[in-house]
Every structure is written in structure tokens, then in C-alpha cells.
Amino acid sequence: MVDDSAAGRTGEPFTLDIERGKIREFARATRSADPSYLDTEDPVVPPTFLTTAFFWQSGAADPWAAVAMDQQRGLHAEQEFVFHGPPPRAGDRLTGVSRIESVTRKEGRSGPLAFAVMVTEFRDGTGRLVATARLTGVETG
């Protein structure tokens, strides 16, 4: 059952190194044929690449665990990425910080629903905001 007290929880910073090979693997896994991801020395990331940050977040860096969503009833409802300038490229190192923005409830057609929203901000070495990712999960009743 989703824990309402998770709202406002912030994880510790984590590092995400943008690697050329990982960009290529991601592009191939998503069936992209765009040569700007596959054939250049310093490719930009595909728009949804930052979802791989979940592999870099663990322990105190991951506030999502505090949501306590039941994985048997949980769904990935929405994902949004906003880039605040040029997208990151291979060789960039980003620092991410995630926070649980909100936990809300509403009644659906087949019972109660609990929504949790996590926002992750990615900054470069100068502290400039590079991208914001927003993930929405929903637990059905």
C-alpha cells in the first residue's frame, strides 16, 4: 500500500556518467536507426535515455522505495523528460537528485487509486540544470 508520508522525501545525489557504448546499446534496444546515436564519437542521448538513471540510483539515493508501492498492483503510468538546453552527450557526467513530489489518491471506476510522482533533476559539473525527469506510478485498489 502506498505510503502518503513519502511525499517530500528526497534522495541523496547520485552520479550518472553518460557513456558512448551505453547510448548505442539504448538506441539499438529501442530500435533507433538514427546515426547520430550510433555512428558519432560523442553522440547526444536519445530523449528517453535518462530513464537508465534507475540503474545508478540505489540505497539513500532512491526515494521511490519510501513510496512502498505494491508491485503486484503498481503500474508505470507516465514518464516525462524536459531538457533545459542541449541534451547531454557521451562523456558528460551528471548529478541527479530525486524527490517524491506528491502522493495523491482518487476513486477510479474499479476502486481506489494511489498516484505517486517522483521528480529527478540532472545537473552538470557547473551546477546547471540539464534535464528534469518526472515519473508517475499508480497503484490500483
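Everything numeric in this text was worked out from a predicted model, so none of it was measured. (Residues numbered from 1 in each chain as written. Predicted model: local features only at pLDDT ≥ 70, side-chain atom pairs only at ≥ 80, totals over all residues. Heavy atoms only, no water.)

> What is the right way to read the pattern of salt bridges from this model?
A side chain with one charge can pair with a side chain of the opposite charge if their charged atoms come near. Counted according to the given criterion, the structure contains 12 salt bridges. Measuring nitrogen to oxygen at the nearest pair gives 3.8 Å for the salt bridge that ties glutamate 101 to arginine 99. Exposure remark for glutamate 101: the relative accessible area of 36% places this residue in the partly exposed category. (Salt bridge = Lys/Arg side-chain N within 4 Å of Asp/Glu carboxyl O. Buried < 20%, exposed > 50% of the residue type's maximum accessible area, 1.4 Å probe, protein only.)

> Is there a simple way to explain the environment of proline 13 in this structure?
With respect to the helices and strands, proline 13 occurs in the segment before β1 (14-17). Taking relative accessible area as the criterion, proline 13 reaches 56% and is therefore assigned exposed. Separated by 72 residues in the primary sequence, proline 13 and glycine 85 have C-alpha atoms spaced 21 Å apart. In contact with proline 13, not counting residues within four places along its chain, are Ala61, Thr95, Gly96 and Val97. (Helix = DSSP H or I, 4+ residues; strand = E, 2+ residues; numbered from the N terminus. Contact = heavy atoms within 4.5 Å.)

> Would you explain unusual backbone geometry in this entry?
Leaving glycine out, the prevailing phi sign among residues is negative, and the prevailing peptide bond configuration is trans. Backbone geometry at arginine 31 places phi at a positive 60°, although glycine is not the residue there. Residue placement: arginine 31 occurs in the loop between α1 (20-29) and α2 (35-38). Although it is not a glycine, alanine 68 adopts a positive phi angle of roughly 60°. Following the sequence through the fold, alanine 68 ends up in the loop between α2 and β2 (74-83).

> Would you explain the nonpolar core in this entry?
Soluble globular proteins tend to bury their nonpolar side chains together. Formed by 21 residues in total, the largest nonpolar core has its most connected members in Leu16, Ile18, Ile23, Phe49, Leu50, Leu94 and Phe122. If you list the elements that add at least two residues to this core, you get β1, α1, α2 and β5 (129-140). Sequence-distant contacts of phenylalanine 49, defined by excluding residues within four places in its chain, comprise Ile18, Lys22, Ile23 and Phe26. By size, the runner-up hydrophobic cluster in this structure holds 12 residues, among which are Met69, Val103, Met118 and Leu135. (Core = buried A, V, L, I, M, F, W, Y, C linked by side-chain atoms within 4.5 Å.)

> Any chance you could explain the side chain of serine 98 here in plain terms?
Relative to the helices and strands, serine 98 resides in strand β3 (residues 93-108). At 2.6 Å, the side chain of serine 98 forms a polar contact with the side chain of threonine 120. Beyond its immediate stretch of four places on either side in the chain, serine 98 contacts Arg9, Thr10, Gly11, Phe14, Gln57, Pro63, Met118, Val119 and Thr120. (Polar contact = N/O pair within 3.5 Å; in protein donor to acceptor, adjacent residues only side chain to side chain.)

Nothing here speaks to function; it is all geometry.
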